[in-house]
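Geometric and topological summary
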Amino acid sequence: MATREELEEKAEDCETTEEFVELAKEVVNELSDKEWAANLIEEGVEWAETTDDFIVLGRGSFEILEDKEKSKEYLLQGRDYCMNSQEFVNLGKTASDMGDAEAAKEIFSAAQGKCVKVKDFLDLTKSINEVLSDPELAKETANKALDKCSTAADYNEYARSVLDVFDDKNLAKEVYDKATIRTWQRKSTTRLLKPAKPETILGCLQRVFWTIFPIGTWPNQFLRRQKIRLTLELT
């Protein structure tokens, strides 16, 4: 059994967050001194440099001190150290494992700010669905992925993810329709309706076209000709 003096010597040698938390655990096991253990964990904050360090602090406070509020504080503090969406997921999952759904939701919501590509949002959507079982937040994140879609490949990836995460064929079909319209409008605007000199034949045709078919009301026969091919198995 370690004495207080021996544990104090160990404390002087601690140089990482994990070492402080491990010593705090030893202090509680050997001396049942939670106050000293709490001080050691707090000292560990000064050495924290990564998201993983704050996960260690959160778990330590939860498991060693049984202090849920302090654990939540450390995990939320860890958001400022996340470098990418996956680190947010790891932090949020830790909060969820500790039974703190509120903190987990705050962390997953903040993760959206680190998403850049369509895949980033889709991976986060899947994690939210698996860890939190929060369809509202998952769909909010998925909608942000849809806003990022710009190519047929993006829409295809998005629709497949919708099927995988939400098992919703109707939503996937809606994505197909949006992809058809958005893609055709963008291509048509660039290739057919690029501003031409008004005195040219093309310029005259453009004015007639826009008069008859304002953007957003183009007839289905045009859209059918421009449908993009999404490899979806919806039936």
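Details of the structure are given in the entry above.
Structural notes, computed from the coordinates.

A word on the packing of aromatic side chains
As enumerated under the stated definition, the model contains two aromatic pairs in all. Both rings, one in Phe54 and one in Tyr81, keep their centres 4.7 Å apart while their planes meet at 35°; by these two values the pair is tilted. Of the two residues, Phe54 sits in helix 4 (residues 51-63) while Tyr81 sits in the loop between helix 5 (68-77) and helix 6 (85-97), which places them 27 residues apart along the sequence. Owing to a relative accessible area of 0%, Phe54 belongs among the buried residues under this scheme. Overall, Tyr81 belongs to the partly exposed group, its relative accessible area being 31%. Its end group placed over the ring of Trp36, Arg4 keeps NZ or CZ at 4.4 Å from the ring centre. If you follow Lys139 out to its NZ or CZ, it ends over the ring of Phe166, 5.7 Å from the centre.

A word on the pattern of salt bridges
Tallied over the full model, the rule gives 13 salt bridges. Arg4 is paired through a salt bridge with Glu8; the nearest N and O atoms lie 3.6 Å apart. Residue Arg4 and its partner Glu8 are located together in helix 1 (residues 4-13), separated by four residues, close to a single helical turn. The class for Arg4 is partly exposed, based on a relative accessible area of 36%. Note that Asp164 and Lys126 form a salt bridge whose closest N and O atoms lie 3.7 Å from each other.

Calculation notes
- Every chain's residues receive numbers from 1 upward, in the order its sequence appears when written.
- The model is predicted, so local features are restricted to residues of pLDDT at least 70 and side-chain atom pairs to those at 80 or more, both for listing and for counting; the totals for chains, interfaces and linings are taken over all residues.
- The side-chain quantities take in all heavy atoms of the structure and omit both hydrogens and water.
- Each aromatic pair joins two rings of Phe, Tyr and Trp (for Trp, the six-membered one) with centres within 6.5 Å, and gets the label stacked for planes under 30 degrees apart, edge-to-face for over 60, and tilted for any other angle.
- Helix and strand assignments follow DSSP, with helices taken as H or I runs no shorter than four residues and strands as E runs no shorter than two, numbered in order from the N terminus.
- The classification of residues rests on relative accessible area computed with a 1.4 Å probe and restricted to protein chains. Under 20% of the type maximum is buried, over 50% is exposed, and intermediate values are partly exposed.
- The rule for a charge over a ring is simple: NZ of Lys or CZ of Arg within 6 Å of the ring centre, and within 35 degrees of the ring normal.
- Each salt bridge in this description consists of a side-chain nitrogen of Lys or Arg and a carboxyl oxygen of Asp or Glu lying within 4 Å of one another.

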